[in-house]
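Residues per chain, in single letters:
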Number of protein chains: 2
Amino acid sequence: MSPAATALPPGPITVDDHQNCPATGVLRRVGDKWSVVILSVLARGAHGFNELDRTVEGLSRRMLTRTLRGLEEEGLISRTVHPSVPPRVDYALTELGRSFLEPVTALGLWAVTHRPDLDAARTHFDGATRGDVRL
Amino acid sequence: MSPAATALPPGPITVDDHQNCPATGVLRRVGDKWSVVILSVLARGAHGFNELDRTVEGLSRRMLTRTLRGLEEEGLISRTVHPSVPPRVDYALTELGRSFLEPVTALGLWAVTHRPDLDAARTHFDGATRGDVRL
DNA sequence: CAGTATCCATGCCGATACTG
DNA sequence: CAGTATCGGCATGGATACTG
């Protein structure tokens, strides 16, 4: 897809367009189940692995590892190993991660603000499809 | 998850927290493969079904239908049937859809702006893991 | 034109068990 | 403490064929 939704070029949107667009990857990361949650927790301060695991209920160690790797790969969080006994690894937001949280938070605020509209729309849709109207 | 990432309450984040949070659903919609693309196309004006299908390369009719239904259900787009021959159905952004595009566009702009950082991070990560350093 | 129906490959994600 | 390995269920999404 094109970078800025409001500034789309004319003509067809090719597969390459949104495969190459940096926004596509970012959007998908935002859409995955745990990234934003983990980022939000880390916004309150650095945390260890099991600490994160316990803080976020329902998050398995497997997905925690995978998500942390992904976020680290994109430079949104840092991973610091303290070679002690017991071993300690700290995860923290990077500067990039903090800046990323701004537009994400804006999106979250939009959702909260427009919750009534979203609910109303769903209710109306259900009402319309219940009788197979689809007009 | 909590509405505003920067205003998380203390204590563990329960499953209910992000199952009930309106942001979770919105985030997942943003993350799916075609929603934002379709929304972006519709930002340029109303379009018919096959028109959309042809405009967005790689998009199958099946996914187009599913995505349009989802967006309609959330009130982001409208669906208008013109009972003519041949039949014509117009999809267009609603007011809610237009307002939704603002934070999404902000996210897209963030991605474009920080592309160099994202690329640099990935390169650095690859370099670090290539030799199994993980320090 | 505007869909629906069916099948199938892939990937996300959780549960569980094991390791340094 | 901080992971990895393996398995399996379920959802996402593509290909193809058919319908009003």
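Here's a quick rundown of the structure. Bear in mind that the values here come from a model prediction, so they are computed numbers and not experimental data. (Residues numbered from 1 in each chain as written. Chains lettered and ligands numbered in written order. Predicted model: local features only at pLDDT ≥ 70, side-chain atom pairs only at ≥ 80, totals over all residues. Heavy atoms only, no water.)

## Brief notes about the packing of helix α5 (residues 61–73) of chain A against helix α7 (residues 115–130) of chain B
Rules: The axes used here are C-alpha line fits, helices contributing only the stretch in contact, and every angle between their N-to-C directions lies in the interval 0 to 180 degrees. The secondary structure listing takes helices from DSSP runs of H or I that are at least 4 residues long and strands from runs of E that are at least 2 residues long, numbered from the N terminus. We call two directions roughly parallel when the angle between them is under 35 degrees, roughly antiparallel when it is over 145, roughly perpendicular when it lies between 65 and 115, and oblique otherwise. In what follows, a contact means two residues having at least one pair of non-hydrogen atoms within 4.5 Å. Residues were grouped as follows: Ala, Val, Leu, Ile, Met, Phe, Trp, Tyr, Cys and Pro as nonpolar; Asp, Glu, Lys and Arg as charged; and all remaining residues, including Gly, as polar.
Packing of α5(A) against α7(B) brings their axes to within 8 Å, and their N-to-C directions diverge by 120°. Accordingly, the angle class assigned to the pair α5(A) and α7(B) is oblique. Between α5(A) and α7(B), the residues in contact are R69(A), E72(A) and E73(A) and A121(B), R122(B), F125(B) and D126(B), respectively. The residue makeup of the contact of α5(A) with α7(B), split by class, is 2 nonpolar, no polar and 5 charged.

## What about the pattern of salt bridges?
Side-chain pairing between opposite charges can occur once the charged atoms of the two side chains come close. The condition that has to hold: The rule for a salt bridge is simple: a side-chain nitrogen of Lys or Arg has to be within 4 Å of a carboxyl oxygen of Asp or Glu. Relative accessibility under 20% of the residue-type maximum defines a buried residue, over 50% an exposed one, and the middle range a partly exposed one, all with a 1.4 Å probe and only protein chains included.
Throughout the structure, instances matching the rule amount to 16 salt bridges over all chains. For D32(B), the salt bridge identified is with R29(B), shortest N-O distance 3.0 Å. Residue classification places D32(B) among the partly exposed residues on the basis of a relative accessible area of 27%. When its relative accessible area of 17% is taken as the criterion, R29(B) is described as buried. Here the salt bridges share partners, and the residues they tie into one network are R29(A), D32(A), E73(A), E74(A) and R122(B).

## Section: the relation of the copies chain A and chain B
Keep this limit in mind: When the copies are overlaid, the least-squares fit takes in C-alpha atoms only where the residue has pLDDT of at least 70 in both copies.
With an RMSD of 0.1 Å, the fit of chain A onto chain B corresponds to turning through 180° and sliding 0.0 Å along the axis. In short, the pair behaves as if placed about a two-fold rotation axis. Taking C-alpha positions as reference, the residue of chain A nearest the rotation axis is G31(A), located at 1.9 Å. Here 100% of the contact residues of chain A are again contact residues in chain B; the copies associate through an equivalent surface.

## As for the protein's contact with DNA strand D
Defined as follows: By convention in these notes, a residue is near a molecule or strand provided one of its non-hydrogen atoms lies within 4 Å of it. What qualifies as a polar contact is a pair of N or O atoms within 3.5 Å, subject to a donor-acceptor requirement within protein and to the restriction that residues adjacent in sequence count only when both atoms come from side chains.
Every one of the 21 residues lining DNA strand D counts as a neighbour, but T65(A), R79(A), Y91(A), K33(B) and R62(B) are closest to it. A share of 63% of the atoms of DNA strand D within 4 Å of the protein falls on sugar and phosphate groups. Contact distances for DNA strand D include 3.5 Å between a phosphate oxygen and a side-chain N or O atom of R69(A). Between a base nitrogen of DNA strand D and a side-chain N or O atom of R62(B), the distance comes to 2.7 Å. Elements represented by at least two residues in the surface near DNA strand D include exactly α4 (49–55), α5 and β2 (88–93) of chain A together with α5 (61–73) of chain B. The greatest single-element share of the surface near DNA strand D, amounting to 4 residues, is contributed by α5(A). Grouping the constituent residues of the surface near DNA strand D by class yields 8 nonpolar, 2 polar and 11 charged.

## Concerning the protein's contact with DNA strand C
Neighbouring DNA strand C are 23 residues, the closest being R62(A), M63(A), T65(B), R79(B) and Y91(B). At the protein interface, 64% of the atoms of DNA strand C within 4 Å belong to sugar or phosphate. Note that a base nitrogen of DNA strand C is positioned 2.8 Å from one of the side-chain N or O atoms of R62(A). Put simply, the parts of the chain that give the surface near DNA strand C at least two residues each are α5 of chain A together with α4 (49–55), α5 and β2 (88–93) of chain B. Among the residues forming the surface near DNA strand C, the class breakdown is 8 nonpolar, 4 polar and 11 charged.

Scope: geometric values only; no functional claims are made or implied.
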